[in-house]
Amino acid sequence: MRPGEAANQEWADIREWDPGAASDADLAAWLRAYNGALSTDLPDDPPWGRGKLREYLAVTMPGERRLTWLAEDETAPTEQRIRGYGRLLMLNGLGVLELYVVPAARRHGLGRRLLRTIVDRAIAEGFTTLGVEAPGATASAAFYQRHGFTHAYTEMRSILELATVDWPHVAEMASAIVHGYEVEIHPGDLPDGILPAYAEAKQVRRLDPTGDLELRPSSYDPERLRASLRCLQARGLKPYIVLAKHERTGTVAGLTELVVPAQHPTRADQYDTIIVPEHNGYGLARALKARMLLELRKAEPQLREVQTWHAAVNEQLQQVNKELGFQPDREWREYEADARDLAARLVSPGS
Ligand SMILES: CC(C)(COP(=O)(O)OP(=O)(O)OC[C@H]1O[C@@H](n2cnc3c(N)ncnc32)[C@H](O)[C@@H]1OP(=O)(O)O)[C@@H](O)C(=O)NCCC(=O)NCCS
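Just so you know, these numbers come straight off a predicted model, no measurement behind them.

What counts and what doesn't
- Residues numbered from 1 in each chain as written.
- Predicted model: local features only at pLDDT ≥ 70, side-chain atom pairs only at ≥ 80, totals over all residues.
- Heavy atoms only, no water.
- Buried < 20%, exposed > 50% of the residue type's maximum accessible area, 1.4 Å probe, protein only.
- Helix = DSSP H or I, 4+ residues; strand = E, 2+ residues; numbered from the N terminus.
- Arc of directions from axis to C-beta.
- Contact = heavy atoms within 4.5 Å.
- Salt bridge = Lys/Arg side-chain N within 4 Å of Asp/Glu carboxyl O.
- pLDDT = per-residue confidence, 0-100.
- Pairing = 2+ DSSP bridges.
- Axes fitted to C-alpha atoms, helices over the stretch in contact; angles between N-to-C directions.
- Polar contact = N/O pair within 3.5 Å; in protein donor to acceptor, adjacent residues only side chain to side chain.
- Parallel < 35°, antiparallel > 145°, perpendicular 65-115°, else oblique.
- Nonpolar A, V, L, I, M, F, W, Y, C, P; charged D, E, K, R; others polar.

Q: Provide a residue-level description of helix α6 (residues 167-175), including the pertinent values.
A: Among the residues of α6, those classed as buried are Trp167, Val170, Met173 and Ala174. When α6 is viewed along its axis, its buried side chains cluster within an angular range of 115° and face the same direction. Along α6, the residues that are exposed and aim more than 90 degrees away from the buried face are Pro168, Glu172 and Ser175. Where the residues of α6 are buried, they touch α9 (284-299) and α10 (315-324).

Q: Got a sec to walk through the pattern of salt bridges? Specific residues and values, please.
A: Where charged atoms of side chains with opposite charge meet at close range, the side chains can pair. Inspection of the entire model under this criterion finds 26 salt bridges. The residue Lys245 makes a salt bridge to Glu184 at a minimum N-O spacing of 3.3 Å. Of the two residues, Lys245 sits in strand β8 (residues 237-246) while Glu184 sits in strand β7 (residues 181-187), which places them 61 residues apart along the sequence. A relative accessible area of 22% means that Lys245 is categorised as partly exposed. In this structure Glu184 comes out as buried when scored by relative accessible area, which is 17%. Each of Asp45, Arg157, Arg267, Glu305 and Asp329 takes part in a single network of salt bridges with overlapping partners.

Q: Tell me about the confidence of the model for the protein, residues and numbers included.
A: Low pLDDT means the predicted atomic positions in that stretch should not be read closely. Overall, the predicted model of the protein reaches an average pLDDT of 92, with 95% of residues at or above 70. Long-range and interchain partners of residues 1-10, a stretch whose pLDDT sits below 50, account for 16 contacts in this model, where long-range means more than four residues apart.

Q: Requested: an account of α10, with residues and values cited.
A: All of the buried residues in α10 are Leu317, Val320, Asn321 and Leu324. For α10, the buried positions fall inside an angular range of 100° around the axis, keeping them on one side. Residues of α10 that are exposed and point more than 90 degrees away from the buried face comprise Glu315, Gln319 and Lys322. Structurally, α10 contributes buried residues whose contacts are with β6 (150-161), α6, β10 (267-275), α9 and β11 (305-311). Residue Gly325 follows α10 closely and has a positive phi angle near 110°.

Q: Any details on the pairing of strand β12 (residues 327-338)? Residues and values, ideally.
A: Across 7 bridges, the pairing between strand β5 (residues 129-135) and β12 is antiparallel. In the sheet register, Thr129 faces β12, and the bridge partner there is Asp338. Bridge count between β6 and β12: 9 bridges; the pairing is antiparallel. Across the sheet, Arg157 pairs through a bridge with Arg330, a residue of β12.

Q: Explain the sheet that holds β12 residue by residue, including any values.
A: Overall, mixed pairing links the 12 strands, which are arranged β1-β2-β3-β4-β5-β12-β6-β11-β10-β9-β8-β7 in an open sheet. This sheet does not close on itself; its edge strands, each paired only once, are β1 (13-17) and β7. Pairwise comparison of adjacent strand axes, ignoring direction, gives a mean angle of 25° for this sheet. Taken together, the 7 bridges between β7 and β8 define a ladder with antiparallel strand orientation. Note that in β8 the partner of His186 across the bridge is Ile241. Here α9 sits on the sheet in contact with β6, β7, β8, β9 (252-261), β10 and β11, set at roughly 140° to β8.

Q: Break down the side chain of Asp272 for me, citing the residues and quoting the values.
A: With respect to the helices and strands, the residue Asp272 is situated in strand β10. Residue classification places Asp272 among the buried positions, given a relative accessible area of 14%. Side chain to side chain, Asp272 and Lys202 meet in a polar contact 3.0 Å long. Each residue touching Asp272, except ones within four places of it in the same chain, is listed here: Lys202, Arg205, Ser218, Leu255, Thr256 and Glu257.

Q: Explain the packing of helix α7 (residues 195-207) against helix α8 (residues 222-234) to me, using residue names and the numbers behind them.
A: Taken N-terminus to C-terminus, the directions of α7 and α8 make an angle of 95°; their axes are 9 Å apart at the nearest point. Judged on the interaxial angle alone, α8 and α7 are roughly perpendicular. Residues Leu195, Pro196, Tyr198, Ala199 and Lys202 of α7 lie in contact with α8, whose contacting residues are Pro222, Leu225, Arg226 and Leu229. Per-class residue counts for the contact of α7 with α8 are 7 nonpolar, no polar and 2 charged.

Q: So what's going on with the environment of Arg286? Residues and values would help.
A: Inspection of the secondary structure assignment puts Arg286 in helix α9. Sequence separation between Arg286 and Gln319 is 33 residues; the distance between their C-alpha atoms is 8.9 Å.

Q: Describe the side chain of Arg330, and please don't skip the residues or the numbers.
A: Residue position: Arg330 is located in strand β12. A distance of 2.7 Å separates a polar atom in the side chain of Arg330 from the backbone oxygen of Gly136. Apart from the residues within four sequence positions on either side, Arg330 is in contact with Asp41, Leu42, Pro43, Pro135, Gly136, Ala137, Thr138, Glu155, Met156 and Arg157.

Here is the structure:
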């Protein structure tokens, strides 16, 4: 046992927790703890609210499972008793971790204990590889590297403050769509009829992978896409989709996806933007992303910011983001580890 762990053991118990069946008091305590961590690690991010929080934490895609743990100090007042949170999302072949410890409880070995709980369970569930996504310039990098995770992929998070947007210019960008394409806007859902063409366009991402660990995998067939949209809606993540249809063939030539989360409705999350290669060079990405902003301005008046993550290599999209007014915020890093190696390191003294 390492220094600090013994004392910590006394005041934080780790228990498995089902947010789907949790009491409102538990959810309020989780939110308080999460916002406590957020205000230290990502102080410019909006704090989360209660909107669809239970569903956000509990609902998964068909075939996926999510296990969660709380580290609690039973002697603290109810609303302050959560000291840390761990999660294992079980995707096809990959276990994805999420972990936080409230600032006041850090550097006492609790993160390590939560990690060990998750890793033991992941192995018991048959997972050999674990992945985690961590915001740069926080304690996470030192923590995961200390435990032997390998840095696998880096993305940049950029943020657009809507108050700074040059709206007449964005309107111009949106209207600069070449002849032969029709733009469709789908707030909230996609009609069944478009799903096969949409799924085909999404295949492009699979054929030209970015090299990330697929910690948030995209859906590539109509059935999976339908399930994914249902899952987003159930978790309180309202999808907005803008697509360009190639009029002559009826195919989807390009698309951009974004969600407005009920948990932080002032900041939207940009998802995939894809242009099918034979439709490259017509300014579709530029027009679609601009059209999305115009739609959001009308439909989501409470929205203040949009955040997006992009690989350093995607120059075309970066150019569009820059023209729209996105500003680089911080790196986001993906780490991976072999589950058994990790478990061995976590039990060996002094590791
Ligand atoms: C990363 C995190 C889980 C670590 O929790 P913790 O309880 O402090 O971790 P531990 O005490 O078990 O630390 C284990 C080892 O990791 C390393 N480590 C952890 N925090 C570190 C830091 N700030 N700087 C350098 N090394 C660090 C150390 O090697 C440490 O061992 P030591 O204390 O004996 O030197 C915690 O800092 C955290 O929640 N960070 C924020 C995570 C996040 O993503 N936030 C954004 C959304 S809320």
